[in-house]
Structures are given as structure tokens and as C-alpha cells.
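The residues making up each chain are set out below.
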Amino acid sequence: MDKLLDVISAEMKNAFEAAGYDRELGKVTVSNRPDLCEYQCNGAMAGAKVYHKAPIMIANDVAAGCADSKVFSGVEAVNPGFLNIKLKEEFIGAYLKEMAASEKFGLESPEKPLKIVIDYGGPNVAKPLHVGHLRSAVIGESIKRIARYNGHEVIGDIHLGDWGLQMGLIITELKERKPELPYFDEGFMGEYPEEAPFTISELEEIYPTASGKSKEDPEYKEKAMEATFKLQNGVRGYRALWNHIISVSVADLKKNYENLNVEFDLWKGESDVHDVIPGMVEYMKKEGYAHESEGALVVDVKEETDTKEIPPCMILKSDGASLYNTTDLATIKERMEKINPDHIIYVVDKRQELYFTQVFRCARKTGLVKPYTGLTFVGFGTMNGKDGKPFKTRQGGVMRLENLLNDINEQMYTKIMNNHEVPEEEARETAKMVALAAIKYGDLSNQASKDYIFDVERFTSFEGDTGPYILYTIVRIKSILNKYRALGKNVEDTDIRKPQGEAEKELMLSIAGFISMMQNAWEEMAPHKVCAYIYDLANAFNHFYHETKILQEEDEEKQAGYIALLKLTKEILETCIDVLGFAAPERM
Ligand code: ARG
């Protein structure tokens, strides 16, 4: 379906042309004076210079020609030359009726869908997920869903941090504690135990301990580096231990991401490209892209137009070890070979922006990607506490994601039990859904690149620009539809009609903006546009609801029209929260 603004603009362009002016002047935008009109066109102002005429004269000519329009109920020329536009009730009713009957409410899929890899989540194994990982998961999941809804083929990859020194540290600490384990016996030839020699809680304690020790004790650090080296070079016992670390850690991560309603298609990690690295390095050397600098191997990535210094991209350290860069580049190489995406998107903390500039330039320069392969860095800001500093526990420590979720679930549960008489089990489930909406909406309603304040009280409120308010609106609609059904009437039998009053028309205009909003949210990879849209839509609905007797309406046809509009509103809201990554309960 054509976007509403395009349909209106086409009508206005015809009017300009019919009045003898360039049709391109007829572009229409949403009114920035909603008290005066619904849409506006400023083309007469631009035309004044071309036609050496006062803009108001042009506007008058165009307005006069709109009298018989099937789209406009009123086009008014006002000084100095604006065209203030209102839409015909029949037109907007018919447009919505078509939306309601169309797949994806009329949002068309591209003729040639893009193949997209989205790299998000990025947790490091053996370290508990903390709030720092929340944003990547929440924003990445939403961008993935928005791209999919727009008709693209999208593959989400978690890109685990599973290969660096952190693994060597864990192995070293395990060796200190349990040297008798067969993994450390070089002569051991048998099968290693199936069971891991640690639990997730032990693992989560081992890593920080080891990391602390290595900072104080150079000898310990030396051991950890050696263990890393042995692991990466395939020492059997170390590999077996590493497999245990991965499986224990991944099982825990899966549980955590599931609670967040975040789902990855690929659970690949840095380790997966270990074997890709030697060939890639050889190629970069042979083609003359990489050169030695102070013992390290680097690729220069600075460009003439740079206004700030972009340091070279380091491929190998002077001791020959690979780095974070190396695994990211090798991952690009592997993705191109195995998946061949048109576009790779990274959702990572914005403090890594320079790093990704280096990686992207290096990938382009060395031909790892095609010249037209899109590489996009979506950098997000920090989640701060009310004090404006990075979010911490009350004791000032790093907040585990699990604890944060549990806290908010608990608060929501109490709120729901206090408010209503919902059975306990249902209240538990509902609390989880509302809490997730609170957290995700609280995050996503901000432009991703900005820092934001994680304000639990505000996010969990049922009023205002919050997730729970949106859910509340959906639940309210569900309840009206259920009552309509209880009267023995069929919701599916209803049809959208022309609006009966101002509030209904406003709600309809809000719905009509869905297609362009959804396209725009994808083009700009901006979930906050979806949030802003549903907040307006929910407000428009609640306004309409307070102004209108729906279930008491005696005119059956009128009532059926309202019901059809409610159903469409609900479906659009549900679609939007689904791309944001949460869902609404039946009641709350
Ligand atoms: N594991 C990394 C970190 O904790 C984030 C990974 C981001 N993705 C990537 N392809 N580099 O900083």
C-alpha cells in the first residue's frame, strides 16, 4: 500500500499541476500546528521565487482547485502562503479499511530482501551477565525484529567472547585449585569426564579471582598467558576443559537471554574463527596490506579526510598473538564466505566506535567485504543510575542482570497483587511480562546512542511514556472486545467505517502513520521511533475511549465500526511491541 503521506502528496501535486504550477511543489507533511489542520503543504512559498508571484496567490489558486477533491475535506490558503489541509472522513475510513485487510497492514516487503547479519549480545563466557549487556541484547533484538518485519532475511549472532586471556586465567586458577584433575596430566590418554569439574557459580567466582591475582602477580599472569597459548594451540586437556567452560556458561546464558525474550540464530564466538586467522594474516601480508610496526603486524587505515587520528589496525601483537581485532576481521571473512550477507550490523557500546571504524576500514581496504557490503556500527550509550553515574547495586558493585530482573519482577508482582484480585500464579506470569515491558521500553524509548537513566519507579509506572502504559492500553482494548463477544456479537464481522467524531479521526490518522513509521524505524535502525509512535497511538486511543460510549452504543453499525477500529488498534500495538521484543498479558 502507498504511504498515507504519499497518497495525500500525490493529490496535492495534481492540484498544483492543474493550477499551472510545478507538481513537485505539492509535497505534504504532517501539520506542525495540529490545532489548525491535520496536514500542511508549503509548496507555494517555494514556488514564489520561480513564478515571481506572492505565495498567497499561488496558495489561493491551488486551494480553489481542491474543492472537489475526494481526499481533502478542506484546503485553506493562509498568509503568507501556507496550505492547511484536512482529510475527508470517507477517505481516511477507506484507507484504514484497506490497511486492516492487508498483510502487514499494507507495509510492502522489498522485491529483493537483504541478507543481514546482526552481531549483538556479545557476552563473555564465564562472566555473569551484568547490566552492561542489557542494552546490546535489548536494542539488537529489536533492530533484528524490525528488519525482519520489513521483509529482510536476518541472522542474529551472539558473538561470544570465548577465546582470549580470560580462558587462560580460568584454566590457570583451576589448575591451582585442583591440580589432580586429568586435564592437567599431559600423559593422560583416556576419555575425559563428561561432567564439568565446576558449577556456574564456581565459574563465576573463579574468573574474578584469577583476574585479580594476575594483576598482582606477574608470574601468575605469565602462567595464564601460557595456558591461553596452549589452549589455542590445541593441547588436548585444555581444550576439554574449555569445552566444559563453554557448555556450563552457555547453558546459563541461554536461560538469561530467554528471560529477556532474546533469541539468537547463531551461537558463534571468537573461538570459531581461530583456524581462519593464519590464512587471513598470510593473505594480508602477501597482498601488501599488512606491514610490521614495532614488531607488531598492522594495517594502516587512516584516510586523508580524517579530522582526527585513526591509528592503524593491529592484526598480530609482537609475540604473534592475535587480538580482539583479529577475531572480528576473521569473523567478517568467515561470514562473507559462509553467509555472504549484504549487510552486517554491530550493536555494541559506543565506546567501541573508534575500534569499529578501524575494523571496518581494514575489512574494506583488504577486500574482506565487497565494496557494496554494508557495515554499520550501532553504538549505544551508558545505562546510568539516578545519580547520573553508571548503574550500580546499592552496595556500589556491578549489578547482575539476573538480580535486576528479579528485583523488578518482584516489585511488579507486589503491585499487581495489591491492585487487583488476580490469582497468584497468573500474577507471577503477568508480573514477568509487565516487568520486561518496563525494562525494554525504558531502554528503547531513548535514542540508542544517548546515555539514559534507569529509573525503575518511572519505568514501572502504569501512566506516562512507559511500557506498562502501553500494555495497559492493549489490555483495555482486549477487555472491551471480550465484552463485545460476551454480548453474542462477532468481532471478526465488523468493518471500519468513516470516523464519527474528532477523537476517532485522530486515532485513525495515528494508525495511518504505521507504514511510514515502520519503514523509517528500519532505515534509521531506530526502535525509539516505534516507541514514540505507540505512545502517541495509545494516547489517541485512550482519548477516543474516554470520549466515546462504545459498549453502550445503540446504533449497531456505528458500534461495529468502533469495534473494528479497536481491533485494528490492538493489532498494530501488538505488532509494535512484538518488534520491540515484549508482549501483553490478557489482563493486569
Ligand atoms: N565481548 C565484547 C565485549 O565485551 C563485545 C563483542 C561485540 N561484538 C563484536 N563483534 N566485537 O566488549
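Figured I'd write up the structure that's included with this text. (Residues numbered from 1 in each chain as written. Predicted model: local features only at pLDDT ≥ 70, side-chain atom pairs only at ≥ 80, totals over all residues. Heavy atoms only, no water.)

1. Digging into the overall build of the protein chain
Then, number 1: The secondary structure content of the protein chain amounts to 20 helices and 13 strands.
Then, number 2: Taken over 588 residues, the protein chain has a buried fraction of 51%.
Then, number 3: For the protein chain, contacts bridging at least 24 residues in sequence account for 73% of all contacts bridging at least 6.
Then, number 4: As displayed, the protein chain has an accessible area near 27900 Å², and 48% of this comes from carbon and sulfur atoms.
Then, number 5: One way to put it: in the protein chain the 71 positive side-chain charges average out to a point 2 Å from where the 95 negative ones average out. (Helix = DSSP H or I, 4+ residues; strand = E, 2+ residues; numbered from the N terminus. Buried < 20%, exposed > 50% of the residue type's maximum accessible area, 1.4 Å probe, protein only. Contact = heavy atoms within 4.5 Å. Areas by Shrake-Rupley, 256 points an atom, 1.4 Å probe, with all protein chains shown as cover. Lys, Arg positive; Asp, Glu negative; His and termini not counted. Charge placed at Lys NZ, Arg CZ, Asp CG, Glu CD.)

2. Comments concerning the sheet that holds strand 4 (residues 82-87)
Then, number 1: Taken together, four strands build an open sheet; the order of strands is 1-2-4-3 and the sheet is antiparallel. If you trace the sheet from one side to the other, it starts and ends with strand 1 (28-30) and strand 3 (72-78), each paired once. The average angle at which neighbouring strand axes cross in this sheet is 30 degrees, direction not considered.
Then, number 2: As judged from the six bridges shared by strand 3 and strand 4, these two strands associate in the antiparallel manner. Paired with Ala-77 across the strands is Leu-83, a residue of strand 4. (Pairing = 2+ DSSP bridges. Axes fitted to C-alpha atoms, helices over the stretch in contact; angles between N-to-C directions.)

3. Looking at helix 20 (residues 556-580)
Then, number 1: For helix 20, with 25 residues, the first-to-last C-alpha span of 36 Å sits near the 36 Å given by 1.5 Å per residue.
Then, number 2: Within helix 20, 18 of the 25 residues are buried, leaving the element largely enclosed by the surrounding structure.
Then, number 3: Once helix 20 finishes, Gly-581 follows within two positions and takes phi at roughly 100 degrees, a positive value. (Expected span 1.5 Å × (residues − 1).)

4. Some details on the pairing of strand 4
Then, number 1: As paired elements, strand 2 (residues 39-41) and strand 4 share three bridges and run antiparallel to each other. Bridging across to strand 4, Cys-41 finds its partner in Leu-83.
Then, number 2: Connecting strand 3 to the antiparallel partner strand 4 that follows it, the hairpin turn spans three residues.

5. Considerations on a negative patch on the surface
Then, number 1: Together, Asp-2, Asp-6, Glu-98 and Glu-108 make up a region of like negative charge exposed at the surface.
Then, number 2: With respect to the secondary-structure elements, Glu-98 resides in helix 4 (residues 89-101).
Then, number 3: By relative accessible area, which is 44% here, Glu-98 ends up partly exposed. (Patch = residues over 30% accessible without salt bridge, like charges linked within 9 Å, V, L, I, M, F, W, Y side chains within 5 Å. Salt bridge = Lys/Arg side-chain N within 4 Å of Asp/Glu carboxyl O.)

6. Re the site of the ligand
Then, number 1: Taken together, Asp-119, Gly-122, Asn-124, His-159, Tyr-324, Asp-328, Tyr-346, Val-348, Gln-352 and Phe-356 make up all the residues around the ligand.
Then, number 2: A distance of 2.9 Å separates a nitrogen atom of the ligand from a polar side-chain atom of Asn-124.
Then, number 3: Here a nitrogen atom of the ligand sits 2.8 Å away from a polar atom, N or O, in the side chain of Tyr-324.
Then, number 4: Relative to its unbound accessible surface of 350 Å², the ligand loses 83% to contact with the protein.
Then, number 5: Those elements that place two or more of their residues in the shell around the ligand are helix 11 (324-338) and strand 10 (343-349). (Near = heavy atom within 4 Å. Polar contact = N/O pair within 3.5 Å; in protein donor to acceptor, adjacent residues only side chain to side chain.)

7. A word on the packing of aromatic side chains
Then, number 1: Counting across every chain of the model gives 27 aromatic pairs.
Then, number 2: Taking the centre distance of 6.3 Å and the plane angle of 80 degrees together, the rings of Phe-184 and Tyr-238 count as edge-to-face. Highlighted residues: Phe-184 in the loop between helix 6 (165-177) and helix 7 (200-216) and Tyr-238 in helix 9 (residues 236-259), separated in sequence by 54 residues. The same class applies to Phe-184 and to Tyr-238, which are both buried. (Phe/Tyr/Trp six-rings, centres within 6.5 Å; stacked < 30°, edge-to-face > 60°.)

8. Let's talk about the nonpolar core
Then, number 1: Within the largest apolar cluster, 161 residues are counted, with the highest numbers of intra-cluster contacts made by Met-12, Leu-87, Leu-96, Leu-404, Phe-454, Phe-514 and Ile-572.
Then, number 2: The dominant element in this core, judged by the number of residues it contributes, is helix 20, at 13 residues.
Then, number 3: Setting aside anything within four residues of it in sequence, one finds Leu-87 in contact with Leu-4, Ile-8, Glu-38, Tyr-39, Val-71, Phe-72, Ser-73, Lys-505 and Leu-509. (Core = buried A, V, L, I, M, F, W, Y, C linked by side-chain atoms within 4.5 Å.)

9. Observations concerning the packing of helix 13 (residues 401-419) against helix 14 (residues 424-444)
Then, number 1: Two numbers describe how helix 13 lies on helix 14: the axes approach to 8 Å, and their chain directions differ by 125 degrees. Relative to helix 14, helix 13 is oriented oblique. For the element pair helix 13 and helix 14, the recorded crossing hand is right-handed. Between helix 13, through Leu-405, Ile-408, Asn-409, Glu-410, Met-412, Tyr-413, Ile-416 and Met-417, and helix 14, the contact on the second element is made entirely by Glu-424, Ala-427, Arg-428, Thr-430, Ala-431, Lys-432, Val-434, Ala-435 and Ile-439.
Then, number 2: Partitioning the contact of helix 13 with helix 14 into residue classes produces eleven nonpolar, two polar and four charged. (Parallel < 35°, antiparallel > 145°, perpendicular 65-115°, else oblique. Left-handed = near helix turned anticlockwise from the far one by under 90°. Nonpolar A, V, L, I, M, F, W, Y, C, P; charged D, E, K, R; others polar.)

10. Let's talk about the pairing of strand 8 (residues 296-299)
Then, number 1: By the alternation rule, side chains of strand 8 split into Ala-296 and Val-298 and Leu-297 and Val-299, which are all buried.
Then, number 2: Sheet topology places strand 7 (residues 290-293) next to strand 8; four bridges connect them, and they run antiparallel. Residue pairing for strand 8: Ser-293 is matched across the bridge by Ala-296.
Then, number 3: Taken together, the three bridges between strand 8 and strand 9 (residues 313-316) define a ladder with antiparallel strand orientation. Counterpart to Val-298 in the pairing with strand 9 is Met-314.

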